[in-house]
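# Per-entry structural report
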Amino acid sequence: MLEDLIDLARQPDSSKRRELLRQVADLFYAEGRDHAAEREIMLFSSVVTTVLKQLSRVDRAEFSSRIATDERTPRDVALALAHDEAEIAAPLLESARVLQDDDLIEVARSRDLGHRVAISKRDGVGERVTDALLDFGETEVMQSLLDNRTSMLSVRAFDLMAARAETAVELRERLCFRNGAPAAVLTRMLPLLEPEAQAQARAMLAAGGGKLDELSKVAMGQIAKERGDNAKRRLEIKMLARRVEAGEVSLDGFVDDLVSHHHPLDLSLGLSELSMLAEKQISNAVLAVEAAPLALICKALEMEPDTYRRAEALRRELMKQPAEIPENVMSAYGLLSSSDAQRTLRFVSVRGTLAQAS
């Protein structure tokens, strides 16, 4: 794509020029998506879900383990395996981030105990999912959720587990010493605990109110601080951009500062302040699979090749692409003219304006 841009000025056919411009513009409005890759994924999903039906249990289990933690695993493939036998489904139910809460709830309600135990082990499994898991009243699932310190439990969840703990000894201490356990649950469990555990629970209950209040204040203070720091950083970037426009700070120095923080939003905001594109469009370029969008922005701003190289290195780092920049990318950047890049960005900007008006 980047090499194609070089031919813009030499292209005599206006319809071809417009088509190329549209293709480039699409990269700025794709929300960071690679549509060509998505088509390949759809084909891959179709083939794999068909082949899975022909594989043995052992082969399906091995395949499930291999793809469970891969972020590229298509959702259709993950869903097909998640509904398979518990032993095969477990790796995906425990780890696959492509599975959404609604997917997990559907599996929990339609499949077996083994599936529910696997879901209960997920990092950060949410309240909607844990409530669905607990609807079956299974002690094994409750024990697994309590052991999973990242699981999110509602008040209803704690109440259900407290009721089961009255007859399930293995839940009692886990429930009492679980972060977030309501005071009412601790009080309910106290008479059922062994003496040593009961003493610990009483001490927690006595100190809990003050400690919880203090923890809440600390947490809220940290959130406020992070919001304040973010607002301060954005203001600093905008002020630096004004100094670049006034000639007081070099563009190269400004971009070097943005890149040094290794934060895509810093670079997106800074380049947006100096260009004609909205921050969201710049962000799509910074997080694009293709190098072309970011190259266009940098060339339109007349950025030196070494500075562009550093910005492109950050994009590649964020997209988990090989660190070494292909020589053809830098060569194409050198051949691309600033006027062609600016013309292309004007097209992108006009398209965005028309889209908002419609």
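If you tally the helices and strands in the chain, you get 21 helices and 0 strands. When each of the 358 residues of the chain is scored for burial, the buried share is 42%. A separation threshold of at least 6 residues defines the contact pool for the chain, and within that pool the share at least 24 residues apart is 61%. Surface summary for the chain: the accessible area is close to 19400 Å², and the carbon and sulfur share equals 53%.

Of all hydrophobic cores here, the largest spans 50 residues; its most connected members are Leu93, Leu99, Ile119, Met161 and Leu175. If we skip the residues at most four places from it in the chain, leucine 93 touches Ala82, Leu99, Leu104, Val107, His115, Ala118, Ile119 and Arg122. Core analysis: the second largest hydrophobic core is formed by 37 residues, Val249, Leu258, Ala300 and Leu345 among them.

Our focus in this paragraph is the side chain of serine 268. With respect to the helices and strands, serine 268 occurs in helix H16 (residues 264-274). We classify serine 268 as buried; its relative accessible area is 0%. Polar side-chain contacts of serine 268 include one of 2.8 Å to the backbone oxygen of proline 264. Once residues lying within four places of it in the same chain are set aside, the contact partners of serine 268 are Glu279, Ile282, Ser283 and Val286.

For the coordinates displayed, the defined rule picks out 1 aromatic pair. Ring geometry for tyrosine 308 and tyrosine 333: centres 4.1 Å apart, planes at 10°, overall stacked. Within this pair, whereas tyrosine 308 is found in helix H19 (residues 305-318), its partner tyrosine 333 is found in helix H20 (residues 327-335), the two being separated by 25 residues in sequence. Assigned by exposure class, tyrosine 308 and tyrosine 333 land together as buried. Of note, arginine 116 hangs over the ring of phenylalanine 136, and the distance from its end group to the ring centre comes to 3.7 Å. Over the ring of tyrosine 333 we find lysine 299; its NZ or CZ atom is 4.4 Å from the centre of that ring.

Right, let's talk about the confidence of the model for the chain for a bit. Predicted confidence across the chain gives a mean pLDDT of 81, with 77% of residues reaching 70 or more. No element of the chain has a lower mean pLDDT than helix H1 (residues 2-6), at 56, and none a higher one than helix H8 (residues 113-120), at 97. In the predicted structure, residues 209-220 sits below a pLDDT of 50 and forms 0 contacts with residues beyond four places in sequence or in another chain.

Further remarks concern the pattern of salt bridges. Within the structure shown, the criterion is met by 22 salt bridges. A salt bridge links arginine 57 to glutamate 85; the shortest N-O distance between them is 2.7 Å. In this pair, arginine 57 is assigned in helix H4 (residues 57-67) and glutamate 85 in the loop between helix H5 (75-82) and helix H6 (86-95), connecting sequence segments 28 residues apart. On the accessibility criterion, arginine 57 (39% relative accessible area) is partly exposed. Classification of glutamate 85 by relative accessible area gives partly exposed; the value is 32%. The salt bridge involving glutamate 166 is made with arginine 188; its shortest N-O contact spans 3.0 Å. With glutamate 166 in the loop between helix H11 (155-165) and helix H12 (169-176) and arginine 188 in helix H13 (residues 183-189), this residue pair connects regions lying 22 residues apart in the sequence. Residue arginine 188 is classed as partly exposed on the basis of its relative accessible area, which comes to 36%. Taken together, the salt bridges that share partners define one network made up of Arg57, Arg60, Asp84, Glu85 and Glu87.

Criteria and thresholds
Residues numbered from 1 in each chain as written. Predicted model: local features only at pLDDT ≥ 70, side-chain atom pairs only at ≥ 80, totals over all residues. Heavy atoms only, no water. Helix = DSSP H or I, 4+ residues; strand = E, 2+ residues; numbered from the N terminus. Buried < 20%, exposed > 50% of the residue type's maximum accessible area, 1.4 Å probe, protein only. Contact = heavy atoms within 4.5 Å. Areas by Shrake-Rupley, 256 points an atom, 1.4 Å probe, with all protein chains shown as cover. Core = buried A, V, L, I, M, F, W, Y, C linked by side-chain atoms within 4.5 Å. Polar contact = N/O pair within 3.5 Å; in protein donor to acceptor, adjacent residues only side chain to side chain. Phe/Tyr/Trp six-rings, centres within 6.5 Å; stacked < 30°, edge-to-face > 60°. Lys NZ or Arg CZ within 6 Å of the ring centre and 35° of its normal. pLDDT = per-residue confidence, 0-100. Salt bridge = Lys/Arg side-chain N within 4 Å of Asp/Glu carboxyl O.

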